[in-house]
Structure formats: C-alpha cells, structure tokens
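Understanding the architecture of this molecule
The chain contents come next:
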Amino acid sequence: MTGPANPGGRRPPVGTASGGRNPTTPVASARYPATPASGGRRPILAANWKMHLLRAEAVAHCRALRRGLGSSSVRVVVFPSFPLLPAVAAELAESDVAVGAQDLHPEDKGAHTGDVSGAQVADAGCSWVLCGHSERRRDHGESDELVARKVAAAVRSKLCPLVCVGETREERAAGRTLEVLARQLAAVAPVLPERFVLAYEPVWAIGTGEVATAATAQEAHRFLRGRLGELLGAERAETLPILYGGSVTPDNAAGLFAESDVDGFLVGGASLDPEKFLGIITVCV
Ligand code: 13P
C-alpha cells in the first residue's frame with residue numbers, strides 16, 4: 001500500500017534521515033504549522049515504563065527529564081506503574097511533562113480486587129491512560145471489546161486515551177496486518193472521544209530490537225489515518241497524532257520520524273534511560 005508523498009499537505013515532502021527538513025527553515029514552522037486549521041500535529045513522545053523502576057529511581061528519572069527537556073515544543077508523557085504515580089506526578093507538577101497510567105478498569109468503581117479505576121488514576125495525577133497495549137492483550141487476554149470499554153471509561157474520567165493497535169508476527173506473516181489494524185480500530189471507534197491518540201505498535205517489534213522499517217511504519221500509519229478518515233472525517237483524521245512503538249532508540253528514531261504520518265513515539269526499553277529518551281525527543285523537536 002502506498003500513499004501520496006505529502007498527504008494532506010501537512011508537511012513538506014520528507015524522507016531523509018534528518019527528517020527532510022530544510023536546515024534554513026525553523027523546525028516548528030517547517031513540519032508543524034502552529035494553527036490547528038492547517039492540520040499541524042505536535043509531536044508526542046511517550047515513555048511506557050512498564051513494570052520497571054522503584055520510587056527513588058523514578059524520581060531521579062523525572063528530575064533528569066526535567067533538567068534535559070528545558071522548554072520543548074514536543075508533548076512528553078510518562079506512563080509509570082500504579083504505585084509510582086503519586087511520586088512521579090508530584091515530581092512533574094508544574095512541568096510540561098504529563099503523567100499517564102498503564103491501564104484502568106472498564107467500570108468506574110466496585111468490587112474488583114486488584115484493579116484500578118479511571119477516577120483513581122486521575123486523582124493520582126494522571127491525565128492520560130494506555131488502552132489496549134499488546135502486553136495487556138497478551139498477558140490478560142484483553143479483547144477488542146474490553147479495550148473499547150476501557151476507552152469509554154477513560155473518557156468518563158476525562159483521561160486522554162492512548163490506544164494501542166498492532167499485529168503479531170504470525171498475523172504479519174499471514175498477510176493480515178491491515179485486517180488486524182482495521183479490526184482493532186473499528187472496535188474502539190464508537191467510543192473515541194474528541195481528544196485521543198493512536199499508537200501503532202507491531203507486536204513483533206516490541207522489546208525485540210527488531211524495529212519496523214520506516215516504510216513499514218508509514219504504510220501502517222497511513223492505513224490507520226485513512227481508516228480514521230472514514231470513521232471520523234478526513235479533515236479531522238489529518239489532525240490526529242499517530243505514534244509508532246517498538247524498539248525505538250535514538251539511533252533509529254530519525255528515520256521513522258521522517259515519515260509523514262509518524263507523529264512521535266511510544267517508547268518502552270529506551271525510555272528507562274533518561275539520556276536515551278531525551279535523545280529520542282531531540283530527534284522530534
Ligand atoms: P520497546 O520500546 O521496549 O520495544 O517497547 C515498546 C512498547 O511496548 C511501548 O509501549
């Protein structure tokens with residue numbers, strides 16, 4: 001599948017390792033026109049810490065991130081595990097870094113031992129939440145239908161859902177990638193709020209060191225944007241950020257970010273090292 005070189009006219013043609021930017025043009029105006037009417041999509045850099053870090057490490061990480069970020073034009077969100085949320089939220093208060101939870105229960109309250117509600121993570125300082133991460137789908141058998149209920153719960157708690165979709169290695173080998181992406185997206189479509197972000201995370205690239213090629217990522221992102229266009233209108237789809245996740249490092253981020261439909265990253269392993277995460281952010285400013 002191929003798309004136009006400059007879909008939507010949002011950015012100038014890209015395709016070089018430096019992001020195709022004209023070195024004489026200010027970055028912000030070159031790729032991210034400031035007015036929403038122009039469809040400019042601000043880059044988003046999200047750190048999924050998964051089941052890593054203890055409180056002291058997380059606090060030190062936040063301090064390094066704040067020091068390294070300065071005033072940045074990108075949006076940065078960190079997703080710590082539940083017990084770290086209050087400490088991380090306190091550390092990042094009055095900074096430009098937002099905090100998100102890695103999961104939430106589909107119901108707002110009740111007898112659900114071990115689960116956490118949207119209201120609880122919002123109360124702990126979160127403004128974002130991951131929904132449908134492949135590790136939740138794999139480890140906890142989360143179905144498309146359950147992911148949709150979680151997105152709806154996120155909306156009720158005024159959290160911005162970062163909805164993850166992606167095919168397994170077997171599904172890709174069977175030529176079913178786009179079918180899987182379409183199915184996962186269609187499941188959540190009826191409950192998508194005004195403000196949400198999509199992440200394409202091919203399961204075979206997560207934690208494997210086997211990053212998708214820029215062309216592979218772009219094909220999936222373009223396909224997802226096309227589907228969003230059918231579901232929500234083409235004009236709106238051009239404004240919606242789609243992140244790539246799966247073995248992103250400071251070394252491969254530039255090539256991926258050069259693609260016109262890659263609007264940032266959801267980073268796992270490399271986000272645990274503030275220097276590496278800052279290195280990825282640098283690529284996107
Ligand atoms: P890695 O960057 O470790 O491959 O993880 C990606 C991911 O799952 C982010 O949600």
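Conventions adopted
- Residues numbered from 1 in each chain as written.
- Predicted model: local features only at pLDDT ≥ 70, side-chain atom pairs only at ≥ 80, totals over all residues.
- Helix = DSSP H or I, 4+ residues; strand = E, 2+ residues; numbered from the N terminus.
- Buried ≥ 20, exposed ≤ 12 C-beta atoms within 10 Å, placed from the backbone.
- Contact = placed C-beta atoms within 7 Å.
- Near = placed C-beta within 6 Å.
- Nonpolar A, V, L, I, M, F, W, Y, C, P; charged D, E, K, R; others polar.
- Core = buried A, V, L, I, M, F, W, Y, C linked by C-beta atoms within 7 Å.
- pLDDT = per-residue confidence, 0-100.
- Right-handed = clockwise from strand over helix to strand, strands pointing away.
- Pairing = 2+ DSSP bridges.
- Axes fitted to C-alpha atoms, helices over the stretch in contact; angles between N-to-C directions.
- Parallel < 35°, antiparallel > 145°, perpendicular 65-115°, else oblique.
- Left-handed = near helix turned anticlockwise from the far one by under 90°.
- Arc of directions from axis to C-beta.

A look at the overall build of the chain
In terms of helices and strands, the chain carries twelve helices and eight strands. A buried classification covers 43% of the 285 residues belonging to the chain. Taking the intrachain contacts of the chain between residues at least 6 apart in sequence as the baseline, contacts between residues at least 24 apart amount to 71%.

Side note on the site of the ligand
Around the ligand there are 14 residues in total, and Asn48, Ile206, Gly245, Gly268 and Gly269 lie nearest to it. The class makeup of the residues in the shell around the ligand is five nonpolar, eight polar and one charged.

Concerning the nonpolar core
Counting 78 residues, the largest nonpolar core has Ala46, Val129, Leu162, Val163, Phe265 and Ile280 as its most contacted members. Setting aside its immediate chain neighbours within four residues, Ala46 contacts Val77, Phe79, Leu162, Leu243, Phe265, Leu266 and Val267.

Let's talk about the confidence of the model for the chain
On average, residues of the chain score 88 in pLDDT, and 86% of them reach the 70 mark or higher. Low pLDDT (under 50) marks residues 1-39, which in the prediction has 56 contacts with non-local residues, meaning those over four places away or in another chain.

Quick word on the pairing of strand S1 (residues 44-48)
Taken across its five residues, S1 has five buried, putting it largely inside the fold. Burial along S1 is two-sided: Ile44, Ala46 and Asn48 facing one way and Leu45 and Ala47 facing the other are all buried. With helix H2 (residues 55-69) bridging S1 and the parallel strand S2 (residues 75-79), this β-α-β connection has right-handed handedness. Sheet analysis places S1 next to strand S8 (residues 264-267), joined by four bridges and oriented parallel. Paired with Ala47 across the strands is Val267, a residue of S8.

Thoughts on the environment of Lys150
Looking at where Lys150 falls in the secondary structure, it is placed in helix H6 (residues 144-156). For Lys150, a count of 26 C-beta atoms within 10 Å corresponds to the buried category. When neighbours within four sequence positions are excluded, Lys150 is seen to be in contact with Leu104, Pro106 and Cys131.

With respect to unusual backbone geometry
Positive phi, close to 80°, is recorded for Leu53, a residue that is not glycine. What makes Leu53 partly exposed here is the crowd of 18 C-beta atoms within 10 Å. Residue Lys158 is not a glycine yet carries a positive backbone phi of 60°. Inspection of the secondary structure puts Lys158 in the loop between H6 and strand S5 (160-165).

Details of the packing of helix H8 (residues 177-188) against helix H9 (residues 214-232)
Any two packed helices are characterised by how steeply their axes cross, that is the angle between the axes, and by the distance between the axes. One can describe the packing of H8 onto H9 by two numbers: an axis separation of 10 Å at closest approach and a directional angle of 40°. By the angle between their directions, the pair H8 and H9 is classed as oblique. For H8 against H9, the interelement crossing comes out right-handed. Mapping the contact onto sequence places Thr177, Leu178, Leu181, Ala182 and Leu185 in H8 and Ala220, Phe223, Leu224 and Arg227 in H9. For the contact of H8 with H9, a count of residues per class yields seven nonpolar, one polar and one charged.

Section: the pairing of S5
For S5, the tally of buried residues reaches five of six residues, placing the bulk of the element in the interior. The pairing of strand S4 (residues 128-131) with S5 spans four bridges and is classified as parallel. By the bridge assignment, Leu130 is partnered in S5 with Leu162. Inspection of the sheet shows S5 paired to strand S6 (residues 197-200) by four bridges, in the parallel sense. For Val163, the partnering residue across the bridge sits in S6 and is Leu198.

A word on helix H12 (residues 274-284)
Since the α-helix advances by 3.6 residues per turn, residues separated by three or four positions end up pointing in the same direction. Every buried residue belonging to H12 is among Phe277, Ile280, Ile281, Val283 and Cys284, and all of these are buried. Down the axis of H12, the buried set is contained in an arc of 155°. They therefore lie on one face. Taken together, the buried residues of H12 touch S1, S2, helix H11 (253-257) and S8.

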